[in-house]
Amino acid sequence: MNFKETLAEKTVHAEDVLTKYLPEEKGYQKKVIESMNYSVLAGGKRLRPILMEESFRLFGGNSAIVEPFMAALEMIHNYSLVHDDLPAMDNDEYRRGRKTTWNVYGEGIAVLAGDALLNKAFETAAEAFSMIGEAADIAARYAAVAKALQILANKAGIYGMIGGQCADICAEELPSDQVTKELLWYIHKNKTAALIEAALMIGAVLAGASDEAVKKLEQAAENIGIAFQIQDDILDVTSSLEVLGKPVGSDEKNHKVTYVRLNGLEQSKKDVEALSEEALKILSSFDRRNEFLEDLVRALITREK
């Protein structure tokens, strides 16, 4: 089986895991649940849950305990997209080739859908505690799930993704000459890389990896996330709506200083390559190798959509 076939198989698996944890569309709150499911099931590459499971496997994990966290991380990622698309944020009408959640359900329900997905994420992740069973190392397993929850909360919060989003919004109000490379790096590290860090770190923690290994993965994931975002900036000026599935040129429309605008297209491409090489060096440095994980990192950093 080649890489594309394997990725397609793993994407279906991640989709199945996610679907299993989505709420049933019924009751007086039916509309907000419909909007949650609409946003989550709008397609997408499911990269974060796949990265988490592959990190889990890299360190010998082979149980279903990672699955609630896979679903939870994808819920958090999708809540952030629902809110990002709102008129008060990026004001985008299309996502993944179809109308955004607010454009279908209205702004109020879209806000609630994002809120609901964030809450459902932690409700889902906490289900991992009930999957521990009666193992001999039960205390260590409880500690691992607790640590994974802490990582999830931290990387999604004010010291992670939300912190990056805040800096991104504030940067829009600055004169372009005050948006430095350091500020942009902070935005990318937190707004984009934080959830990729969560994916690789949580997978490793649940598999029993050492603190040192988890720290190394955090650095690899930072590089992956920043390279991923730089590539996103590149595609925003070089791709099309038909290829990308969302509007291009939105950064310029929203007066955002992007990595490409600050450093130029050619330098941005070189930086993506350097970050990718460093991340792959880390991923290949452990006792085990996960060649699919390494191939996946190469593919997502050099993606065309």
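Once a new chain begins, its residue numbering starts again from 1 and follows that chain's sequence as written. Residues qualify for local features only when their pLDDT is at least 70, as the model is predicted, and side-chain atom pairs are given and counted only at 80 or more; totals for whole chains, interfaces and linings, by contrast, use all residues. Where side-chain values are given, they derive from all heavy atoms of the structure, hydrogens and water being excluded.

**Regarding the overall build of the protein**
Okay, step 1: The helix and strand tally for the protein stands at 15 helices and two strands.
Okay, step 2: For a compact globule the rule gives 2.2 Å times the number of residues to the power 0.38, and the radius of gyration it is set against comes from C-alpha atoms. Over its C-alpha trace the protein gives a radius of gyration of 19 Å, about what one expects of a compact globule, namely 19 Å for 305 residues.
Okay, step 3: Once the C-alpha set of the protein is aligned to its principal axes, its extents read approximately 60 × 50 × 40 Å.
Okay, step 4: Buried, partly exposed and exposed residues are distinguished by accessible area as a fraction of the type maximum, computed with a 1.4 Å probe on protein chains only: under 20%, between the cut-offs, and over 50%, respectively. For the protein, buried positions account for 52% of its 305 residues.
Okay, step 5: In what follows, residue pairs with any heavy atoms lying within 4.5 Å of each other are defined as contacts. If you take every contact in the protein between residues at least 6 apart in sequence, the share linking residues at least 24 apart comes to 74%.
Okay, step 6: Each accessible area is a Shrake-Rupley result for a 1.4 Å probe, and residues are judged covered by the shown protein chains and nothing else. Accessible area of the protein: about 14,200 Å², with a carbon and sulfur share of 52%.
Okay, step 7: For the charge count, each Lys or Arg is scored as positive and each Asp or Glu as negative, with His and the chain ends excluded. Each charge is placed at NZ for Lys, CZ for Arg, CG for Asp and CD for Glu. Between the centroid of the 35 positive side chains of the protein and the centroid of its 48 negative side chains there is a distance of 2 Å. Helix and strand assignments come from DSSP, with helices taken as H or I runs of at least 4 residues and strands as E runs of at least 2, each series counted from the N terminus.

**What to know about the packing of aromatic side chains**
Okay, step 1: Ring pairs shown here join Phe, Tyr and Trp side chains whose ring centres sit within 6.5 Å, with only the six-membered ring taken for Trp; geometry is labelled stacked below 30 degrees between planes, edge-to-face above 60, and tilted in between. With the rule as written, the count across this model stands at four aromatic pairs.
Okay, step 2: Aromatic pair Y38 and Y105: ring centres 5.7 Å apart, planes at 70°, arrangement edge-to-face. Taken as a pair, Y38 in helix α2 (residues 30-40) and Y105 in helix α5 (residues 101-105) lie far apart in primary sequence, 67 residues in all.
Okay, step 3: Classification of Y38 by relative accessible area gives buried; the value is 16%.
Okay, step 4: Aromatic side chains F59 and F286 sit 5.0 Å apart centroid to centroid with 65° between the ring planes, which places their arrangement in the edge-to-face category.

**Overview of the side chain of T192**
Okay, step 1: Tracing the backbone shows T192 in helix α9 (residues 181-206).
Okay, step 2: A polar contact is formed between the side chain of T192 and the side chain of Q229, at a distance of 2.6 Å.
Okay, step 3: Here T192 is in contact with I187, G225, F228 and Q229, once residues within four sequence places are set aside. Polar contact is defined as a pair of N or O atoms within 3.5 Å, subject to the rule that within protein one atom must be able to donate a hydrogen and the other to accept it, and that residues adjacent in sequence are counted only when both atoms are side-chain atoms.

**A word on the environment of E15**
Okay, step 1: Summarising the element assignment, E15 is placed in helix α1 (residues 3-20).
Okay, step 2: Owing to a relative accessible area of 22%, E15 belongs among the partly exposed residues under this scheme.
Okay, step 3: Separated by 249 residues in the primary sequence, E15 and G264 have C-alpha atoms spaced 37 Å apart.
Okay, step 4: Residues within four places of E15 in sequence aside, it is in contact with L41 and R46.

**A short note on unusual backbone geometry**
Okay, step 1: The phi dihedral of R46 is positive, around 55°, even though this residue is not glycine.
Okay, step 2: Among the structural elements, R46 can be located in the loop between α2 and α3 (47-58).
Okay, step 3: For R46, a relative accessible area of 2% gives the class buried.
Okay, step 4: Although it is not a glycine, N91 adopts a positive phi angle of roughly 55°.
Okay, step 5: N91 sits in the partly exposed class, given a relative accessible area of 37%.

**Notes on empty space enclosed by the protein**
Okay, step 1: Method remark: on a 1 Å grid restricted to protein atoms, a set of points is classed as a cavity if a 1.4 Å probe fits but cannot get out and as a pocket if it is open with protein on both sides within 12 Å along at least five of seven lines; lining residues have an atom within 4 Å of a point. Grid points are joined across faces, edges and corners, and a volume is the space filled by probe spheres set on the points. One pass over the full model with this rule turns up three cavities of 30 Å³ or more.
Okay, step 2: The calculated volume of the largest cavity comes to roughly 90 Å³.
Okay, step 3: Lining the largest cavity are 13 residues, and of these S39, A42, D85, R95 and T101 lie nearest its centre.
Okay, step 4: Of all the elements in the fold, those that place two or more residues in the lining of the largest cavity are α2, α4 (67-84) and β2 (98-99).
Okay, step 5: When grouped by side-chain class, the residues that make up the lining of the largest cavity number four nonpolar, four polar and five charged. Gly is placed with the polar residues, together with every amino acid not listed as nonpolar (Ala, Val, Leu, Ile, Met, Phe, Trp, Tyr, Cys and Pro) or charged (Asp, Glu, Lys and Arg).

**Description of the confidence of the model for the protein**
Okay, step 1: Scored by pLDDT, the protein has a mean of 91; 93% of the residues are at 70 or more.
Okay, step 2: Within the protein, helix α11 (residues 241-244) has the poorest average pLDDT of any element, 44, and helix α6 (residues 107-125) the best, 98.
Okay, step 3: Per-residue pLDDT stays below 50 along residues 240-246; that stretch engages in 18 contacts with residues further than four places along the chain or on separate chains. pLDDT gives the predictor's per-residue confidence on a scale running from 0 to 100.

**Structural notes on the pattern of salt bridges**
Side-chain pairing between opposite charges can occur once the charged atoms of the two side chains come close.
Okay, step 1: Salt bridges are defined as contacts in which a side-chain nitrogen from Lys or Arg sits within 4 Å of a carboxyl oxygen from Asp or Glu. Scanning the entire structure with this criterion turns up 20 salt bridges.
Okay, step 2: A salt bridge links E53 to R57; the nearest nitrogen and oxygen atoms lie 3.7 Å apart. Placement of the pair is E53 and R57 together in helix α3, with a separation of four residues, close to one helical turn.
Okay, step 3: The class of R57 is partly exposed, set by a relative accessible area of 38%.
Okay, step 4: With a closest N to O distance of 2.7 Å, K155 and E197 form a salt bridge. Placement of the pair is K155 in helix α7 (residues 138-156) and E197 in helix α9, with a sequence separation of 42 residues.
Okay, step 5: Given the relative accessible area of 8%, K155 is considered buried.
Okay, step 6: By relative accessible area, which is 1% here, E197 ends up buried.

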